[in-house]
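# Secondary and tertiary structure notes
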Amino acid sequence: MFWNASVLSTLSSDTEPTVVLTFDSAKYIFNVGENTTRAFMQSRQNWKKTRAIFLTSVGTQRASGLPGLLMTFADAGQSQVHIAASMRKYTYRENIFVTPSEIPLVSASLDSEHQPVYKDNNVSVFALPILPEAPHDHPSSSGNEGQTAAPSKIASPLKRKRETSPEQSSKRLSTEAGIFIPGSLNGEMAQAWRQLVIQTMFPATQVASASTNQSGLGKRKGKRISQPPGLNKSLPVPERTLVGSSEPSLKPTVAFAIVGPRIRGKFDEQKAVALGLPRGPIRARLSRGACVTVQVKDASGNDVIREIKPEDCIGESVTPGVVLLLDTPTLAHIPGLLSGFADSAPFARYLWKYAEGSKEHVVRAIFHLCGEDVLEDEHYKSFMNDFGPEVHHIVSSRRHLPNPITFTSAAYSQLRLNQLDPDIFPVQKFSHNMENVISDVAGLPANTIPMRTNMLVSMHPPRPPAQNLDAERYDLFHPAISSNSPLVLPELTRTRFTEAQAEVHSHSMPGPEEMPGKDVMICPLGTGSAMPSKFRNVSATLIHIPNHGYILLDAGEGTWGQLARNFGEDPSLPSNVWQILRELKCIFISHMHGDHHIGLAKLLAVRQRLDPPADRPLYVVGNYHVFMYLREYAALEHLGLSRDSRNPVASIFLCASLGLESLQSVDVAHRMTCHGIIIKHTDGWSIVYSGDTIPTQKLAEMAAAKMHSTVGQAIDIGNRMNARNILLTHFSARYPTMPPYVMTKHQPGDPTLALAFDHRQHQNW
């Protein structure tokens, strides 16, 4: 049996660490940050046979790619995952089998029996909650945000009384109060309601209690469940015993120990023949561990019965290999981690002093997810040295990693376009340098290396970490950018591009030198639809209004990463992503489909890190369900929704902050409630964003355009509203690069037609 641990993605501008354990029969994914689905596509790894997903923390850093991945998995069998019920308005799949399981946020007692949180024929997964030390003077507050509790006071939810079914509870409350309000539930009733919501989202779901060990279960057909009353109302605020604190420095994490299978030794054919063991089913029984008897001749030629034991013909079994995954985001988490490995503690068995020579297991690889200053901490370094000399330590730490391009297919395409026009197609920001080199950190174990994408650790047979060359051979960007020779494009390509530029300029509308809005910049950050591809991310469009700030139209998963790659994270850059985030004044969410809003929470969470804070609030424009989702998510992580937030978010729009005359939403025709938007500036220009829609006269009239518009329909609506320019975006995943047959012959008076590419800069139209 062969199995390995691989790095699907590491810490970078647009990804968080994701580790995948792969067997012939199954895959197990650990952490699902933003862009996990796209990382699978780029690496060409197959996500099929995924049996379980494990999260070291619930929040945008470790779990914001979960809804997109679950929807991608809809036809890929079953998964087991802690799933957030706040996804109910945009994640619904009848044909996916999901078994949610929660890990209690409580330190395991020293005398408690340590049971796996998941077990099947391949792995046994053990969990260790890491509770950070809270300052004694840390204040606590109430509400959806800002609630904190000292982790040492978190009680165990392991033992629960028999729960009343949510259907019964809703009926009783409806009878008593007239209206069922889920937000008023608490304790066991609130948890039962969340479980019912998940079962409604995934009809094939089996909801497990926190203390139940889960194993691979067969597929079953889901039956559509009628929506329970109250589904469109806010969820109950989760107790801190379930989610911990929303304060980043106090947010609990979970360490995982993954124990692989005990692999039987090799069958010795020569010994079997010498013992008189015939071929056939009897050998199979022996291989399965049973003793067998055979009739043989003794030295005198007499028939005798001989008992043959497995160890007579089968070599010694291979000791199970162990992978540890340790998530230590702050220095405050180190004491909790060390206590879990202390003498008599649940994870002490994996230390070298207990594991040396053990036949139970052998630790082969440890993945360290380290926050700021953690790797330099003397206690942490001493802890790392408590493992065996053969253990490989693979470290994710921002200071100790370079920042190469993750999605090299798109970056290489843009690099080629950059040769045609560097202003329109800037090269994505990246860096091969690191602030500190891991090998320069004194006191680390000898086998300590940085975590790199496409790194693979073979667990059986055991081999040291190495790069997966099959995956890396598809990377054309880094070899091209590192080459001393410039990238050469075919002369025909350059000629046609020059001719196209001349054609566009020849049809440019005459007008004054300073046409209104001429200096407004439009930068599509995601131009695909439904799901990301290697070349296009999902919906997001950035508008820059000089001297006023930025507007973001939709924020699909990975929008933060697209911003970081476009503008760079280096504070010394004149227009770095932190400055863009500081000047971002408005985010408009057209509707609740995942490809338009899943990246919103990540953006808001990252914005909370601005220091000093932004001098003006960020205004979010969306329908009721957008804000219900944000309020529910804010129970897990600070998003800036509370009035006393350092970088507050407002849910109304202030036109004065962007120099606008008006900002008006328009109902458009889609599968769900969806809005377009009309932005009118005091300088006399306007921008219309259609959202997802079929052709609608309402949008054309109010502007003066599967339920999406075709290219021809979009152009027709643009003509009817007398648009000067039309930018086509949100292309089907069927066309990952250039959509076919979209360009039409330009007629006098027609608007300028442009195709959106991720990161393309549109200005001076």
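Calculation rules
- Residues numbered from 1 in each chain as written.
- Predicted model: local features only at pLDDT ≥ 70, side-chain atom pairs only at ≥ 80, totals over all residues.
- Heavy atoms only, no water.
- Helix = DSSP H or I, 4+ residues; strand = E, 2+ residues; numbered from the N terminus.
- Buried < 20%, exposed > 50% of the residue type's maximum accessible area, 1.4 Å probe, protein only.
- Areas by Shrake-Rupley, 256 points an atom, 1.4 Å probe, with all protein chains shown as cover.
- pLDDT = per-residue confidence, 0-100.
- Contact = heavy atoms within 4.5 Å.
- Axes fitted to C-alpha atoms, helices over the stretch in contact; angles between N-to-C directions.
- Parallel < 35°, antiparallel > 145°, perpendicular 65-115°, else oblique.
- Nonpolar A, V, L, I, M, F, W, Y, C, P; charged D, E, K, R; others polar.
- Lys, Arg positive; Asp, Glu negative; His and termini not counted.
- Salt bridge = Lys/Arg side-chain N within 4 Å of Asp/Glu carboxyl O.
- Polar contact = N/O pair within 3.5 Å; in protein donor to acceptor, adjacent residues only side chain to side chain.
- Core = buried A, V, L, I, M, F, W, Y, C linked by side-chain atoms within 4.5 Å.
- Pairing = 2+ DSSP bridges.
- Phe/Tyr/Trp six-rings, centres within 6.5 Å; stacked < 30°, edge-to-face > 60°.
- Lys NZ or Arg CZ within 6 Å of the ring centre and 35° of its normal.
- Left-handed = near helix turned anticlockwise from the far one by under 90°.

Attention shifts here to the overall build of the chain. For the chain, the helix and strand inventory stands at 23 helices and 28 strands. Burial status across the chain gives 53% buried among its 765 residues. For the chain, the computed accessible surface area is about 34700 Å², with 52% contributed by carbon and sulfur atoms.

Take the confidence of the model for the chain next. Caution is warranted with low-pLDDT regions, since their predicted coordinates should not be read in detail. With 81% of its residues at a pLDDT of 70 or more, the chain has an overall mean of 82. Here residues 77-90 is modelled with pLDDT under 50, and outside its nearest four sequence neighbours on either side it reaches 76 contacts, counting other chains as well. Here residues 209-222 is modelled with pLDDT under 50, and outside its nearest four sequence neighbours on either side it reaches 37 contacts, counting other chains as well.

A few words now on the packing of helix 17 (residues 559-567) against helix 20 (residues 600-607). Where helix 17 meets helix 20, the closest approach of the two axes is 8 Å, and the angle between their N-to-C directions is 55 degrees. Comparing the axis directions of helix 17 and helix 20 gives the class oblique. The residues of helix 20 that touch helix 17, namely those facing Thr-559, Trp-560 and Leu-563, are Lys-602, Leu-603 and Val-606. Partitioning the contact of helix 17 with helix 20 into residue classes produces four nonpolar, one polar and one charged.

Its location among the elements puts Glu-637 in the loop between helix 21 (624-633) and strand 23 (649-650). The buried charged residue Glu-637 lacks any salt bridge, with Lys-251 as its nearest oppositely charged partner at 6.0 Å. Within polar-contact distance, the side chain of Glu-637 engages the backbone nitrogen of Thr-60 at 2.8 Å.

By size, the foremost hydrophobic cluster in this structure holds 37 residues, and its most contacted members are Leu-542, Leu-552, Ile-587 and Leu-630. With six residues, the single largest contributor to this core is helix 20. When residues no more than four places from it in sequence are discounted, the contact partners of Leu-552 are Leu-525, Ala-540, Thr-541, Leu-542, Thr-559, Leu-584, Cys-586, Ile-587, Phe-588 and Leu-603.

Tallying each qualifying case throughout the model produces 15 salt bridges. When the shortest N-O distance is used, the salt bridge between Arg-565 and Asp-14 registers 2.9 Å. Remark: Asp-14 occurs in the loop between strand 1 (3-9) and strand 2 (18-23) and Arg-565 occurs in helix 17; sequence separation between them is 551 residues. In this structure, Arg-565 and Asp-14 share a single accessibility class: buried. Salt-bridge contacts for Arg-452 lead to Glu-472; the nearest nitrogen and oxygen are separated by 3.8 Å. You can see Arg-452 sitting in the loop between strand 15 (448-450) and strand 16 (455-460) and its partner Glu-472 sitting in helix 14 (residues 469-472), a full 20 residues away along the chain.

Note: strands within a sheet are paired through backbone hydrogen bonds, in either parallel or antiparallel orientation. Ordered by their spatial adjacency, seven strands build an open sheet running 7-8-9-12-13-14-15, and the pairing between neighbours is mixed. Every other strand in the sheet has two partners, leaving strand 7 (118-119) and strand 15 as the edge strands with one partner each. Strand direction decides the pairing type here: strand 14 (residues 392-396) and strand 15, joined by three bridges, are parallel. From the neighbouring strand, Val-395 faces strand 15, where its bridge partner is Pro-450.

Looking now at the sheet that holds strand 26 (residues 686-689). Reading across the sheet, the three strands line up as 24-25-26 and stay open at both edges, with antiparallel pairing between neighbours. Looking at the sheet topology across the chains shown, the edges are occupied by strand 24 (660-668) and strand 26. If you compare each strand with its neighbour and ignore which way they point, the axes differ by 15 degrees on average. Alignment of strand 24 against strand 25 (residues 674-681), held across eight bridges, turns out to be antiparallel. Across the sheet, residue Leu-663 finds its bridge partner in strand 25, namely Ile-679.

Following His-460, the chain continues to Pro-461 via a peptide bond in cis, the omega torsion being 0 degrees. Residue Asp-611 is joined to Pro-612 through a cis peptide bond whose omega torsion reads 5 degrees. In this structure, Pro-612 sits in the loop between helix 20 and strand 22 (618-621). Positive phi outside glycine occurs at Asn-31, with the angle close to 75 degrees. Inspection of the secondary structure puts Asn-31 in the loop between strand 3 (27-30) and helix 1 (36-43). Positive phi, normally seen in glycine, also occurs at Asp-373, with a value near 70 degrees. Tracing the sequence through the fold places Asp-373 in the loop between strand 13 (362-370) and helix 12 (378-384).

Any two aromatic rings considered together are summarised by their centre-to-centre distance and by the angle between their planes. A full pass over the atoms with the stated rule returns 20 aromatic pairs. A ring pair is formed by Phe-23 and Tyr-28, whose centres lie 5.9 Å apart and whose planes are at 90 degrees; its orientation type is edge-to-face. For the residue pair Phe-23 and Tyr-28, the accessibility class agrees, reading buried in each case. Grouping aromatic residues by their ring pairs yields a cluster made of Trp-3, Phe-23, Tyr-28, Phe-30, Phe-54, Tyr-118 and Phe-256. The ring centre of Phe-407 lies 4.5 Å from the NZ or CZ of Arg-38, which sits over that ring. The ring of Phe-757 carries Arg-536 above its face, with NZ or CZ at 5.2 Å from the centroid.

Our focus in this paragraph is the pairing of strand 1. Judged by how many residues are buried, strand 1 sits mostly within the fold: seven of seven residues are covered. Relative to strand 16, strand 1 runs antiparallel, the two being bridged by four bridges. Considered in strand 16, the bridge of Ala-5 is made with Val-457. Strand direction decides the pairing type here: strand 1 and strand 2, joined by six bridges, are antiparallel. Bridge pairing in strand 2 links Ala-5 to Leu-21.

The geometry of helix 20 relative to helix 21 is characterised by a closest axis approach of 11 Å and an angle of 50 degrees between their N-to-C directions. The angle between the axes of helix 20 and helix 21 places the two elements in the oblique class. Read as a crossing pair, helix 20 and helix 21 show a hand that is right-handed. Of the residues in helix 21, those in contact with Leu-600, Ala-601 and Leu-604 of helix 20 are Val-626, Tyr-629, Leu-630 and Tyr-633. In terms of residue class, the contact of helix 20 with helix 21 is made up of seven nonpolar, no polar and no charged.

Here we take up the environment of Leu-131. On the secondary structure map, Leu-131 appears in the loop between strand 8 (124-130) and helix 4 (166-177). For the pair formed by Leu-131 and Val-254, sequence separation is 123 residues and the distance between their alpha carbons is 8.6 Å.

So, about helix 21. Given 3.6 residues per turn, any residue in an α-helix points the same way as the ones three and four places further on. Counting buried residues along helix 21, seven of its 10 residues qualify, which places the element largely inside the surrounding structure. For helix 21, every residue scored as buried is listed here: Val-626, Phe-627, Met-628, Tyr-629, Leu-630, Glu-632 and Tyr-633. Buried residues belonging to helix 21 abut helix 2 (60-63), helix 19 (594-597), helix 20 and strand 22. Measuring from the side-chain oxygen of the N-cap residue of helix 21 to the backbone nitrogen of His-625 gives 3.1 Å; that N-cap residue is Asn-623.

As a further point, take the environment of Met-592. Counting through the fold element by element, Met-592 comes out in the loop between strand 21 (584-588) and helix 19. The buried category is assigned to Met-592, whose relative accessible area is 1%. With 37 residues separating them in the primary sequence, Met-592 and Tyr-629 have C-alpha atoms 9.4 Å apart.

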